[in-house]
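# Observations on chain architecture
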Amino acid sequence: MKELTDTLITFATFDIVRLRGRLAKIEDPDMRAALVIFTLLADGVRFFLITCLFALVLI
């Protein structure tokens with residue numbers, strides 16, 4: 001359950017700064033890979049939304 005909570009928090013917050021510390025605490029390689037993937041996915045979604053909002057402001 002803790003892993004699911006961490007994944008959801010990662011998706012909701014800017015967590016790339018603390019990713020290294022979180023990866024050090026996780027022993028399971030599959031969960032580490034999932035954490036990296038979800039972090040990159042969350043950052044990509046955030047950057048896309050910010051870019052769209054910025055483009056709307058310029059129009």
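Residues numbered from 1 in each chain as written. Predicted model: local features only at pLDDT ≥ 70, side-chain atom pairs only at ≥ 80, totals over all residues. Heavy atoms only, no water.

A word on the overall build of the chain. A count of helical and extended segments in the chain gives three helices and zero strands. Going from N to C terminus, the chain has its helices and strands arranged as α-α-α. When each of the 59 residues of the chain is scored for burial, the buried share is 22%. Considering only residue pairs separated by 6 or more positions, the chain has 59% of its internal contacts joining residues 24 or more positions apart. Looking at the chain as shown, the accessible area adds up to about 4,700 Å², and 75% of this sits on carbon and sulfur atoms. (Helix = DSSP H or I, 4+ residues; strand = E, 2+ residues; numbered from the N terminus. Buried < 20%, exposed > 50% of the residue type's maximum accessible area, 1.4 Å probe, protein only. Contact = heavy atoms within 4.5 Å. Areas by Shrake-Rupley, 256 points an atom, 1.4 Å probe, with all protein chains shown as cover.)

Taken residue by residue, the chain gives an average pLDDT of 81. The fraction at 70 or more is 86%. The least confident element of the chain, judged by mean pLDDT, is helix 1 (residues 2–12) at 70; the most confident is helix 3 (residues 29–58) at 86. (pLDDT = per-residue confidence, 0-100.)

A separate point is helix 3. Since the α-helix packs 3.6 residues into each turn, any two residues three or four apart lie on the same face. For helix 3, which comprises 30 residues, the first-to-last C-alpha distance of 44 Å matches the rise-based estimate of 44 Å (1.5 Å per residue) to within 8%. By the burial criterion, the buried members of helix 3 are Met31, Leu35, Thr39, Ala42 and Asp43. (Expected span 1.5 Å × (residues − 1).)

Further remarks concern the pattern of salt bridges. For the structure on display, the rule yields one salt bridge. The salt bridge partner of Asp43 is Arg46, with a shortest N-O separation of 2.6 Å. Pair noted here: Asp43 and Arg46 are both in helix 3, with a separation of three residues, about one helical turn. (Salt bridge = Lys/Arg side-chain N within 4 Å of Asp/Glu carboxyl O.)

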